[in-house]
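# Tertiary structure, described
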Amino acid sequence: MTRRIETALLVDDDDAFRTTLQGALRRRGVVARTAATIDEGLVALEYEPVDLVVIDYRMPRGDGLSALAHYRKLQPDAAIVMLTGFGDIPLAVAAMREGADTLLSKPVDADKLLREAASLRDRQRPPPSAATTPPPGSLKLDDLEREAIRAALRESGGVVATAAKLLGIDRRTLQRKLKKLGG
C-alpha cells in the first residue's frame, strides 16, 4: 500500500512555477508550502515536517544540489525530488549521492510528481549513517543511467530523439546506450 503524500514543501526561485505547482498540489489535497530560497526552505522544515520536498537545482543564492544533505538531515523520511530544466546523467548521480531520491525534468506534472513521491516513500531507506557511506557496489552507475534513460523516454513519450535532448546527448549515443543496456 502506498503512503499518500499529504504535505509538501516546494523550493524554487521561479515565482510563477512555484505557485502554479503549489496550486496543482493543493487541488489534489496536498498541504503545499513554498520557499523562494534554500534558506527559507530550511527554516520552514525546522517548524513543520513534510512528506515531500521538491527543490530546484539552479537557484540564485546557492544551488539545490549543495543543499540536499541539509534537507535530508532535517527530513530523513521525506521523499526529496530535485527538479531541473537541464537534466543529465551526471547530475542525476550527484543528486542521488547528495540525498535526493530522484531527479525530474521541469516542467513537472503534479500527478506524476505525487505518484513518484508516494512510491519513493514506500521504499525502505537505509538509516542516515548508512546513507552517508554506501556499501561497496550499492551505487551502480549502470542502474542510475538506465533509470535516467527510462525517465527521459517516459517524459518524451518514447521518442528517442526527444529523450536524447532531455538527457543532453546525441540521439545515436542514446540508441547505443539502449542497445547496451538491453532497452
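Here the structure is shown first, and the text comes after it.
Presented here is a report on the structure given in the accompanying data block.

Basis of the calculations
Residues numbered from 1 in each chain as written. Predicted model: local features only at pLDDT ≥ 70, side-chain atom pairs only at ≥ 80, totals over all residues. Heavy atoms only, no water. Helix = DSSP H or I, 4+ residues; strand = E, 2+ residues; numbered from the N terminus. Contact = heavy atoms within 4.5 Å. 1 Å grid on protein atoms, 1.4 Å probe; cavity = no way out; pocket = protein on both sides within 12 Å on 5 of 7 lines; lining within 4 Å. Points joined across faces, edges and corners; volume = space filled by probe spheres on them. Nonpolar A, V, L, I, M, F, W, Y, C, P; charged D, E, K, R; others polar. Salt bridge = Lys/Arg side-chain N within 4 Å of Asp/Glu carboxyl O. Buried < 20%, exposed > 50% of the residue type's maximum accessible area, 1.4 Å probe, protein only.

### Let's talk about the environment of Ala 164
Checked against the element boundaries, Ala 164 lands in helix α8 (residues 160-167). Residues Ala 164 and Ala 152, spaced 12 residues apart in sequence, show a C-alpha to C-alpha distance of 7.6 Å. Once residues lying within four places of it in the same chain are set aside, the contact partners of Ala 164 are Ile 169, Asp 170, Arg 171 and Leu 174.

### Points about empty space enclosed by the protein
Summed over the entire model, instances satisfying the criterion amount to one cavity of 30 Å³ or more. If you add up the space inside the largest cavity, you get close to 40 Å³. Lining the largest cavity are Leu 10, Val 11, Asp 12, Phe 17, Arg 18, Leu 21, Val 54, Ile 55, Asp 56 and Leu 83. Mapped by element, the contributors of at least two residues to the lining of the largest cavity are β1 (7-11), α1 (15-27) and β3 (52-56). Per-class residue counts for the lining of the largest cavity are seven nonpolar, no polar and three charged.

### So, the pattern of salt bridges
Inspection of every chain in the model, using the stated rule, returns six salt bridges. Between Arg 18 and Asp 15 there is a salt bridge, with the nearest N and O atoms lying 2.6 Å from each other. Note that Arg 18 and Asp 15 are positioned in helix α1 at a spacing of three residues, about one turn of the helix. A salt bridge links Asp 56 to Lys 106, with the shortest nitrogen-to-oxygen separation between them at 3.4 Å. Taken together, the positions of Asp 56 in strand β3 and Lys 106 in the loop between β5 (102-105) and α5 (110-122) put the pair 50 residues apart, joining distant regions of the chain. Overall, Lys 106 belongs to the partly exposed group, its relative accessible area being 24%. Overlapping salt bridges bring together Asp 12, Asp 56 and Lys 106 as one network.

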